[in-house]
Amino acid sequence: MKYYSTNNKKLNVSFQETVMKGLSPDGGLFMPEFIPQLEDSFIDSLSKYSIREIGLEVTKQFIGNEIPQNVLKNIIDDAINFDAPLVKLDDKISILELFHGPTLAFKDFGARFMARTMGYFLRNSEVELNILVATSGDTGSAVASGFYGVEGINVYLLYPSGKVSEIQEKQLTTFDKNITAIEIEGTFDDCQKLVKTAFLDDEINSKMKLSSANSINIARLIPQSFYYFNAYKQITEKNKEIIFSIPSGNLGNLTAGLMAKKMGLPISKYIGATNSNSIFTEFIQSGKYEPRPSVKTISNAMDVGAPSNLARIESLYDEHSVILKDIASNTHNDMQTIEKMKEIYQKYNYIIDPHGAVGLLALEQYVTEEKLDNYCGVVLETAHPAKFKDIVDSSLDCNIEIPKVLQKAIEKEKNSRFLSADYEEFKKYLMNL
Ligand SMILES: *Cc1c(COP(=O)(O)O)cnc(C)c1O
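Everything numeric in this text was worked out from a predicted model, so none of it was measured.

The rules behind the values
- Residues numbered from 1 in each chain as written.
- Predicted model: local features only at pLDDT ≥ 70, side-chain atom pairs only at ≥ 80, totals over all residues.
- Heavy atoms only, no water.
- 1 Å grid on protein atoms, 1.4 Å probe; cavity = no way out; pocket = protein on both sides within 12 Å on 5 of 7 lines; lining within 4 Å.
- Points joined across faces, edges and corners; volume = space filled by probe spheres on them.
- Helix = DSSP H or I, 4+ residues; strand = E, 2+ residues; numbered from the N terminus.
- Nonpolar A, V, L, I, M, F, W, Y, C, P; charged D, E, K, R; others polar.
- Near = heavy atom within 4 Å.
- Polar contact = N/O pair within 3.5 Å; in protein donor to acceptor, adjacent residues only side chain to side chain.
- Sits in = over half its atoms within 2 Å of the grid points.
- Pairing = 2+ DSSP bridges.
- Axes fitted to C-alpha atoms, helices over the stretch in contact; angles between N-to-C directions.
- Contact = heavy atoms within 4.5 Å.
- Parallel < 35°, antiparallel > 145°, perpendicular 65-115°, else oblique.
- Left-handed = near helix turned anticlockwise from the far one by under 90°.
- Salt bridge = Lys/Arg side-chain N within 4 Å of Asp/Glu carboxyl O.
- Phe/Tyr/Trp six-rings, centres within 6.5 Å; stacked < 30°, edge-to-face > 60°.
- Buried < 20%, exposed > 50% of the residue type's maximum accessible area, 1.4 Å probe, protein only.
- Core = buried A, V, L, I, M, F, W, Y, C linked by side-chain atoms within 4.5 Å.

Q: Lay out empty space enclosed by the protein in plain terms, naming residues and giving numbers.
A: Under the defined criterion, the tally for this structure stands at two cavities of 30 Å³ or more. Taken as a whole, the largest cavity holds about 290 Å³ of empty space. Taken together, 28 residues make up the lining of the largest cavity; nearest its centre are Phe106, Lys107, Gly249, Asn250 and Ala301. The element that contributes the greatest number of residues to the lining of the largest cavity is helix α11 (residues 252–262), accounting for three residues. Class assignment for the residues of the lining of the largest cavity results in 13 nonpolar, twelve polar and three charged. Within this model, the second largest cavity holds a volume of roughly 40 Å³. Lining of the second largest cavity is provided by Ser248, Gly249, Leu251, Thr274, Asn277, Ile279, Phe280, Val304 and Pro307. Classifying every residue of the lining of the second largest cavity gives five nonpolar, four polar and no charged.

Q: Can you lay out the site of the ligand for me, pointing to particular residues and giving the numbers?
A: Not every one of the 15 residues close to the ligand is listed here, only the nearest: Lys107, Asp138, Gly249, Leu251 and Thr382. A distance of 2.7 Å is found between an oxygen atom of the ligand and a backbone nitrogen or oxygen belonging to Gly249. With respect to the ligand, the side chain of Thr382 contributes an N or O atom lying 2.8 Å from a nitrogen atom. Because more than half of its atoms lie within 2 Å of the grid, the ligand is assigned to the largest cavity.

Q: Please give an account of the sheet that holds strand β6 (residues 129–134) that cites residues and values.
A: In spatial order, the strands read β9-β6-β7-β8-β14; together these five strands make up an open sheet with parallel pairing. Looking at which strands have only one partner, the edges of the open sheet turn out to be β9 (209–212) and β14 (417–420). Pairwise comparison of adjacent strand axes, ignoring direction, gives a mean angle of 30° for this sheet. Sheet topology places strand β8 (residues 179–185) next to β14; four bridges connect them, and they run parallel. Bridging across to β14, Glu185 finds its partner in Ser420. The strands touched by helix α6 (residues 138–147) within the sheet are β6, β7 (153–160) and β8, with β7 carrying the most contacts at an inclination of about 165°.

Q: Give me the lowdown on the sheet that holds strand β10 (residues 241–247), citing residues and values where you can.
A: Spatially, the six strands line up as an open sheet ordered β4-β5-β13-β10-β11-β12, and their pairing is mixed. Here the strands that pair on one side only, and so sit at the sheet edges, are β4 (86–88) and β12 (327–331). Geometrically, the sheet is characterised by an average inter-axis angle of 25° between neighbouring strands, direction not taken into account. The pairing of β10 with strand β13 (residues 375–381) spans five bridges and is classified as parallel.

Q: I'd like to hear about the packing of helix α3 (residues 51–63) against helix α10 (residues 218–234), residue by residue, with values.
A: To characterise two packed helices, one gives the angle between the axes of the helices and the distance between these axes. In the contact formed by α3 and α10, the axes pass within 9 Å of each other and the chain directions differ by 135°. The pairing of α3 with α10 is recorded here as oblique in orientation. Both α3 and α10 take part in a crossing whose hand is right-handed. Of the residues in α10, those touching α3 at Ile51, Ile54, Gly55, Val58, Thr59 and Phe62 are Ile222, Ser225, Phe226, Tyr227, Phe229, Asn230 and Lys233.

Q: Explain the pattern of salt bridges to me, and be specific about the residues and the numbers.
A: Pairing is possible between side chains that carry opposite charge, provided their charged atoms lie close to one another. By the definition in use, this model includes 17 salt bridges. What you see here is one network of salt bridges that share partners, running through Lys88, Glu237 and Lys240.

Q: Would you mind going over the packing of aromatic side chains in detail, with residue names and values included?
A: One pass over the full model with this rule turns up 13 aromatic pairs. Seen in terms of ring centroids, Tyr156 and Tyr429 are 6.5 Å apart; in terms of plane orientation they differ by 80°. Their pairing is edge-to-face. Pair noted here: Tyr156 is in strand β7 and Tyr429 is in helix α19 (residues 423–431), with a separation of 273 residues, a long-range link. Here Tyr156 matches Tyr429 in class, with each residue buried. Look at Tyr228 and Phe244: their rings are 5.1 Å apart centre to centre, the planes differ by 70°, and that puts the pair in the edge-to-face class.

Q: Outline the nonpolar core, supporting the account with residue identities and numerical values.
A: If you look at the biggest cluster of nonpolar residues, it comprises 93 residues, and the most contacted ones within it are Phe147, Tyr227, Tyr228, Phe229 and Phe244. Ranked by the residues each element gives to this core, the list is headed by α10, at ten residues. Excluding residues within four positions of it along the chain, Phe229 makes contact with Leu38, Ile43, Leu46, Ile54, Val58, Ala260, Met263 and Leu265. Residues Phe99, Ile352, Ala357 and Ala383 belong to the second largest nonpolar core, which totals 36 residues.

Here it is as structure tokens:
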């Protein structure tokens, strides 16, 4: 399989180069030259396979012979060492819990797979690799946890000061060894811009080997498609219209779902659920992409003003009208989010986090507008609610139990480097490493 850049369809690079570079030198995102088709017989018999076996079957198609199959199997078995259960709320709505990995968010799938894949490609290398990650919260801890202690790789996490939850900040800033947290006086978009600018900076690139671990890296997207197949496998009423609702920010998760559909998974609709940062919703409605600075919400991992994977989504479709066949989108604010969290707690005794609540709101609005009755709606629960303890406790008037892995991070001392959002300052920091 070869990969092209969304800025240059003629580019033709290997999977290894795609993964190690992260972002194409022309500023585009890498995409596979075609989306491989899985056999119908495989889709029909998904229930026979574990998520890891499904993952191996999917990944093989994207990697060809660049990683021997036994190695790839070990990478996947080791990376995806947790489950993604589908929990029924009622006859129509289920929650796909993607928070059973070590940092309690879906990003563990991508980060753990990517770390092991990069580790394999670097196995004979003498040069250290420096990974720059802009994070709105969960990416950073997933990437840090995935790469922690991996030889030959340093990770720099850039996060917006004061715009991630207290627990998220502890998860980001309490690693040591090869992980460094950098607190940026600015927004997530500022962090993302610093990282993107550094990648395109010749001076920096001649001094050090850089890579990215944001959802712009294709090695994060591929494993995120596994759980769409695995969720479909768990759906009992496959004759109904199946709708996935995805709490969206940088649109990596949605892109992975669309890729699963293009690989042959029979899904009727994907809903890109946004919070008040509704750039994607506006794009779906009007066909126009108008990025703007993000605003802070309680579903902060979705506070993205310039979603980078939109370029990938557009590359999957010929025109806007075709996009609309597969994707819907709508937006909800913080007040609606809190109301929904309360309602779900009261009605089902289930604690949903703010991101999942936005997904649920989007699903309900969509099925109401479309007057659908015979459907099976799956909401991706992208993080464990305890990661947002403050907002969950105050909204639901409860005291949510903190899982042990989180408790450990909370008890540690925060350790971060503070920088302004000025590129020259960041560059100086990197050049002096
Ligand atoms: C990253 C994240 C999102 C947004 O996912 P994208 O792939 O960037 O659209 C949603 N919820 C949580 C909890 C996240 O960490």
